[in-house]
Amino acid sequence: DIIICVTGRIAFRFSQMAAFVGLEMAGVLRFGKRVCVCSVQTESNSGPGWIRRANPYSGKPVYAETVEWSVPEMEETPRNTLERIVWWKSDEVDTKRESLPFLALRNRVMGLEKDQGKANGSLVLEKLKRKPDTKINRVAEIRYKWPDEEGPSPEVDSMRIAAAADSNGDVAVAIQTDSKYFAGDLQHMNRVRAASELPIICTDVINQQYQFYELRYHRADAAVVLAAVYTKEDMDYNLKIAKVLGLALFVEVHSVEELDYALSFKDLKAILAGPRDLNSMRSSFVDSENLVSERIDELRSRNIIVLAEGREEEIEADSGLIDAVIVYRD
């Protein structure tokens, strides 16, 4: 079925087409803060669909002679915390675009590159790569809270953690910058860069390509994208943008199906094996090893870097399948 929506003010948002699972062709129309989708839907080209990229809007059809239209209204609530965060990011980025349009942000990044060069994503991957018969590489974590916790931990000091990471032998620093669910801030990456020369991995949830330029402007060297969110076309685009900016890109996978999907991209260089609880957002190092073991031969033959997350006590059971781990502070 084809539904045509007519309004006096229409803005096509082709960059958000992949936000709606199951769309083969779509035009995304903006009504203030609302999104309405005109689409032709098929089962054969539905994208991954594990996490919906934006909250779906629908409406009861209204008929008038040969014209049919609907008023957009929220159809569903998020299925889990991760999906809630992904939807929030869509709204957050839209708000940011109003105060700092993409072209202005891109110009800032170009100015940064002129002064300091591109991000050194290749160095990130080089540092995380595990050499034969060595211990797993450790990545220091800066995260102020989990989504299910009330407030930020007073014990987390980004500059102190970054400074200690150098002396502790860590190979990089992972920073969660989401403000609403993790009490983070993009400025934390600037502070860490002032305190340490270690590569910075931004672990914020990325919903729109605008965020790549945003996190690069704040000194990130690497980013993480969710395999569960993006169609093949958008994932290819993510990989290209990261390459242009010099960023290392980790594709986060939660299951064997998602891992196979990530491996289908020939330009894939690194994954974050994170079979996390989609509500608490915590991941298990042991579960990550089990996931990676399912496709370890292909991962090794393609020289793909494997990053994981986990608690200190879990890492003691390391069996050599994972290159590096983000060590939880709690």
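See the structure shown above.
Residues numbered from 1 in each chain as written. Predicted model: local features only at pLDDT ≥ 70, side-chain atom pairs only at ≥ 80, totals over all residues. Heavy atoms only, no water.

Colleague: Would you mind showing me how to read the overall build of the protein chain here?
Modeller: Within the protein chain, the regular secondary structure consists of 11 helices and 14 strands. Out of the 330 residues belonging to the protein chain, those deemed buried represent 53%. The contacts in the protein chain between residues at least 6 apart in sequence include a share of 66% that link residues at least 24 apart. Working note: accessible area of the protein chain is about 16000 Å², and carbon and sulfur atoms make up 50% of it. (Helix = DSSP H or I, 4+ residues; strand = E, 2+ residues; numbered from the N terminus. Buried < 20%, exposed > 50% of the residue type's maximum accessible area, 1.4 Å probe, protein only. Contact = heavy atoms within 4.5 Å. Areas by Shrake-Rupley, 256 points an atom, 1.4 Å probe, with all protein chains shown as cover.)

Colleague: Teacher, can you tell me more about the pairing of strand β10 (residues 222–226) here?
Modeller: In the case of a regular strand, side chains alternate between the two sheet surfaces. Among the 5 residues in β10, 5 count as buried, and that is most of the element. Side chains Ala-222, Val-224 and Leu-226 of β10 all project onto a buried face; the interleaved residues Ala-223 and Val-225 project onto the opposite face, where all are buried too. Tracing the backbone out of strand β9 (residues 200–202), into helix α6 (residues 210–217) and back to the parallel element β10 gives a crossover that is right-handed. Pairing of β10 with strand β11 (residues 248–253) involves 5 bridges; the strand directions are parallel. (Right-handed = clockwise from strand over helix to strand, strands pointing away. Pairing = 2+ DSSP bridges.)

Colleague: Sorry, what's going on with the packing of aromatic side chains here?
Modeller: Aromatic rings in a pair are described by how distant their centres are and how their planes are angled relative to each other. With the rule as written, the count across this model stands at 4 aromatic pairs. Ring geometry for Phe-102 and Tyr-213: centres 5.0 Å apart, planes at 85°, overall edge-to-face. Residue Phe-102 is located in helix α2 (residues 102–116), and its partner Tyr-213 is located in helix α6; the two are separated by 111 residues in the primary sequence. What makes Tyr-213 buried here is its relative accessible area of 13%. An aromatic cluster is present here, built from Trp-146, Phe-182 and Tyr-328 joined pairwise through their rings. Directly above the ring of Trp-88 sits Lys-180, whose terminal nitrogen or CZ lies 4.6 Å from the centroid. Lying across the ring of Phe-265, Lys-232 places its NZ or CZ 5.0 Å from the centre. (Phe/Tyr/Trp six-rings, centres within 6.5 Å; stacked < 30°, edge-to-face > 60°. Lys NZ or Arg CZ within 6 Å of the ring centre and 35° of its normal.)

Colleague: Looking at this structure, how should I read the sheet that holds strand β7 (residues 137–142)?
Modeller: Think of a sheet as strands paired side by side through backbone hydrogen bonds, with each pair either parallel or antiparallel. In spatial order, the strands read β7-β8-β9-β10-β11-β12-β13-β14; together these 8 strands close into a barrel with parallel pairing. Averaged over all neighbouring strand pairs, the angle between strand axes comes to 30°, with direction disregarded. Where helix α4 (residues 158–168) meets the sheet, its contacts fall on β7 and β8 (172–175), and the angle it forms with β7 comes to roughly 170°. The sheet contacts of helix α9 (residues 285–293) involve β11, β12 (270–273), β13 (305–310) and β14 (324–327), and relative to β13 the element is tilted by about 155°. (Axes fitted to C-alpha atoms, helices over the stretch in contact; angles between N-to-C directions.)

Colleague: Looking at this structure, how should I read the pairing of β13?
Modeller: Within β13, 6 of the 6 residues are buried, which leaves it mostly tucked inside the rest of the structure. Where β12 meets β13, 4 bridges bridge the pair, whose relative direction is parallel. In the strand pairing of β13, Ile-271 is matched with Val-306. The sheet contact formed by β13 and β14 spans 4 bridges and is parallel. Along β14, the bridge assignment pairs Leu-307 with Ala-324.

Colleague: How should the side chain of Arg-216 be read in this particular structure?
Modeller: By secondary structure assignment, the location of Arg-216 is in helix α6. One buried charged residue, Arg-216, forms no salt bridge at all, with the nearest opposite charge on Asp-221 at 4.5 Å. In this structure Arg-216 touches Val-109, Leu-112, Gly-117, Lys-118, Ala-119, Asp-221, Leu-245 and Leu-247, once residues within four positions along its chain are discounted. (Lys, Arg positive; Asp, Glu negative; His and termini not counted. Salt bridge = Lys/Arg side-chain N within 4 Å of Asp/Glu carboxyl O.)

Colleague: Help me understand unusual backbone geometry, please; the structure alone is not making it clear to me.
Modeller: Note: most residues except glycine have negative phi, and most peptide bonds are trans. Located in the positive-phi region is Arg-219, a residue other than glycine, with phi close to 85°. The residue Met-281 is not glycine, and still its phi comes out positive at about 75°. Along the chain, Met-281 turns up in the loop between β12 and α9.

Colleague: Hey, could you run me through α2 in this one?
Modeller: Given 3.6 residues per helical turn, the α-helix brings residues three or four places apart onto the same face. Across its 15 residues, α2 extends 21 Å between first and last C-alpha, which sits within 8% of the 21 Å expected from 1.5 Å per residue. Among all positions in α2, only Leu-105, Val-109, Leu-112 and Glu-113 are buried. Considered in projection along α2, the buried side chains sweep an arc of 100° and stay on one side of the axis. Looking at α2, the residues exposed on the side facing more than 90 degrees away from the buried face are Leu-103, Lys-114 and Asp-115. The inward-facing, buried residues of α2 contact α6 and α7 (232–245). (Expected span 1.5 Å × (residues − 1). Arc of directions from axis to C-beta.)

Nothing here speaks to function; it is all geometry.
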